Amino acid sequence: MVIPVRNEEKSIRALVESIKLQTFQPFEVIIVDGGSQDRTVAFARAAIGDDRRFKIIEAGPATPGRGRNIGARAARCDWLAFTDAGIELEPTWLAELVRAVRLNPDLDVVYGNYEPVTDSFFKSCAALAYVPPKHLSKEGLVRGPSIASCLIRRSIWAETGGFPDLRAAEDLIFMERIERNGARIGWAPRATVWWQLQPSFRKTFKKFALYSFHNVLAGRQRYWHYGIARQYLIGSVVLLLAFFHHAWWLSLLFLGILTRVARSIWRHRKEISIIGAFNPKRFLCVAAIILTIDLATFVGWGRAVVYRLSNGKRKGERVAVR
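Residues numbered from 1 in each chain as written. Predicted model: local features only at pLDDT ≥ 70, side-chain atom pairs only at ≥ 80, totals over all residues. Heavy atoms only, no water.

1. So, the pairing of strand 10 (residues 185-196)
- Note that strand 5 (residues 87-89) and strand 10 share 3 bridges and pair antiparallel. Its bridge partner lying in strand 10, Glu88 is registered against Trp194.
- Pairing of strand 6 (residues 109-117) with strand 10, which is carried by 8 bridges, proceeds in the parallel orientation. What sits directly across from Tyr111, in strand 10, is Trp187. (Pairing = 2+ DSSP bridges. Helix = DSSP H or I, 4+ residues; strand = E, 2+ residues; numbered from the N terminus.)

Quick look at the structure:
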């Protein structure tokens, strides 16, 4: 099992404890710390105790992609189970992943399920705003794929070239490469991990601004940013029409926002009652979270553009000096 961590002192104990409670115990657990500035490593060692299956590698300022690669190289097993910090594993998680391989030995990759922890009103709204809904696989309803809940042949990881050295989108790029390379993929819907969502608007904004920044650096704007930009471009045109033509154009803008929020909630109709989902307070909260993520998207995008320009300028100066 390979787990990259960084500044996870609040969640690392629960993760380690959930690993120890697995009904199918892992042969080894490699935790790769990517330069934590809090007490993550100390808390991890305290939670591990004298369990020799666990190994902590302090890798310095490593991205999640590099951390997973370091852990995978250090692993001795033919199969690698990946998960993340900020997550707790159900006791049968690893057993269900292994069961899927035993039922179909030809598989190269098994994706499990993940569920958001919705222990507050804000988190329940956040789940409706940005957590993907479940979809139907051959094995049943599942949410994913996610690197935080998977089992992969070590040879497949190596053939794919490992994870990109990125802080965000490295998992998506890696999974896309696996699929393009023709890996045989299976699902284990009952292999569930529980994912902690951000608990406030401020932390949601901070997290998505970081995701946005690194996704732009990875060149993945077309999968996220361009779609958001198109919506706001259309909205800007509607605002201009309202200003120069007639105020009733604002009703079209309002309808567009309502439709977007309703669509986001409707995608989760199998997971929540319709009456509860469209409660006015919940509806407004989901709308506010979506708009917060939109703002974070543009802020992260802008930071990435500035970062690229400043880096390019410095590189040009060095070339000129040479």
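2. Regarding the packing of aromatic side chains
- This model, assessed by the stated rule, comprises 15 aromatic pairs.
- Ring centres 3.9 Å apart and planes at 25° place the aromatic pair Phe163 and Phe174 in the stacked group. Of the two residues, Phe163 sits in the loop between helix 6 (154-160) and helix 7 (170-180) while Phe174 sits in helix 7, which places them 11 residues apart along the sequence.
- Among the aromatic residues, ring-to-ring pairing joins Tyr114, Tyr130, Trp195, Phe208, Tyr211 and Trp224 into one connected group.
- Between the NZ or CZ atom of Arg13 and the centre of the ring of Phe43, over which it lies, the distance is 4.3 Å. (Phe/Tyr/Trp six-rings, centres within 6.5 Å; stacked < 30°, edge-to-face > 60°. Lys NZ or Arg CZ within 6 Å of the ring centre and 35° of its normal.)

3. Observations regarding the pattern of salt bridges
- If you walk through the whole model with that rule in mind, you get 17 salt bridges.
- Residue Glu9 is joined to Arg39 by a salt bridge in which the shortest nitrogen-to-oxygen separation is 3.2 Å. Taken together, the residues Glu9 in the loop between strand 1 (2-5) and helix 1 (12-20) and Arg39 in the loop between strand 2 (29-33) and helix 2 (40-48) connect sequence positions 30 residues apart.
- A salt bridge links Arg45 to Glu58; the shortest N-O distance between them is 3.1 Å. Highlighted residues: Arg45 in helix 2 and Glu58 in strand 3 (residues 54-58), separated in sequence by 13 residues.
- Three or more residues joined by partner-sharing salt bridges are found here, namely Glu115, Lys134, Arg143 and Glu271. (Salt bridge = Lys/Arg side-chain N within 4 Å of Asp/Glu carboxyl O.)

4. Considerations on unusual backbone geometry
- Cis geometry is found at the peptide bond from Gly144 to Pro145, where omega equals 15°.
- Mapped onto the secondary structure, Pro145 falls in the loop between strand 8 (140-142) and strand 9 (150-153).
- Phi is positive for Asn7, close to 55°, though the residue is something other than glycine.
- Judged by its relative accessible area of 31%, Asn7 is partly exposed.
- In this structure, Ala169 is a non-glycine residue whose phi angle is positive, near 75°.
- Mapped onto the secondary structure, Ala169 falls in the loop between helix 6 and helix 7. (Buried < 20%, exposed > 50% of the residue type's maximum accessible area, 1.4 Å probe, protein only.)

5. With respect to the pairing of strand 3
- Alignment of strand 2 against strand 3, held across 5 bridges, turns out to be parallel. Bridging across to strand 3, Val29 finds its partner in Phe54.

6. What about helix 2?
- Inspection of helix 2 places Thr40, Val41, Phe43, Ala44, Ala47 and Ile48 among the buried residues, and these make up the whole buried set. The buried side chains of helix 2 occupy one side of the element, clustering within an arc of 165° when seen end-on.
- Tucked into the core, helix 2 has its buried residues touching strand 1, helix 1, strand 2 and strand 3.
- Count one or two residues on from helix 2 and you reach Gly49, which has phi positive near 65°. (Arc of directions from axis to C-beta. Contact = heavy atoms within 4.5 Å.)

7. Considering the confidence of the model for the protein
- With 96% of its residues at a pLDDT of 70 or more, the protein shows a mean pLDDT of 93.
- Within the model, the stretch residues 315-322 combines pLDDT values under 50 with 0 contacts to residues more than four positions away or in other chains. (pLDDT = per-residue confidence, 0-100.)

8. What to know about the nonpolar core
- Ranked by internal contacts, the top residues of the largest apolar core, which has 56 residues, are Met1, Ile31, Trp93, Tyr130 and Ile289.
- With 8 residues, helix 12 (residues 280-321) is the single largest residue contributor to this core.
- When near neighbours in sequence (up to four residues on either side) are disregarded, Ile289 contacts Phe122, Cys125, Ala126, Ala129, Tyr130 and Phe201.
- Among the nonpolar cores identified, the runner-up in size contains 23 residues, and Val2, Ile57, Met175 and Ile178 belong to it. (Core = buried A, V, L, I, M, F, W, Y, C linked by side-chain atoms within 4.5 Å.)

9. Here we look at the packing of helix 1 against helix 2
- Following both chains from N to C, one finds helix 1 and helix 2 inclined at 30°, their axes separated by 9 Å at the closest point. The angle between helix 1 and helix 2 places the two elements in the roughly parallel class. The interaxial crossing formed by helix 1 with helix 2 has right-handed handedness. Contacts between helix 1 and helix 2 pair Ile12, Arg13, Val16, Glu17 and Lys20 from the former with Thr40, Phe43, Ala44, Ala47 and Ile48 from the latter.
- Class assignment for the residues of the contact of helix 1 with helix 2 results in 6 nonpolar, 1 polar and 3 charged. (Axes fitted to C-alpha atoms, helices over the stretch in contact; angles between N-to-C directions. Parallel < 35°, antiparallel > 145°, perpendicular 65-115°, else oblique. Left-handed = near helix turned anticlockwise from the far one by under 90°. Nonpolar A, V, L, I, M, F, W, Y, C, P; charged D, E, K, R; others polar.)

10. Focus: the side chain of Asp84
- Residue position: Asp84 is located in the loop between strand 4 (79-82) and strand 5.
- For Asp84, the side chain forms a polar contact with the side chain of Arg68, separated by 2.9 Å.
- Once residues lying within four places of it in the same chain are set aside, the contact partners of Asp84 are Ile3, Pro4, Leu15, Arg68 and Ala148. (Polar contact = N/O pair within 3.5 Å; in protein donor to acceptor, adjacent residues only side chain to side chain.)

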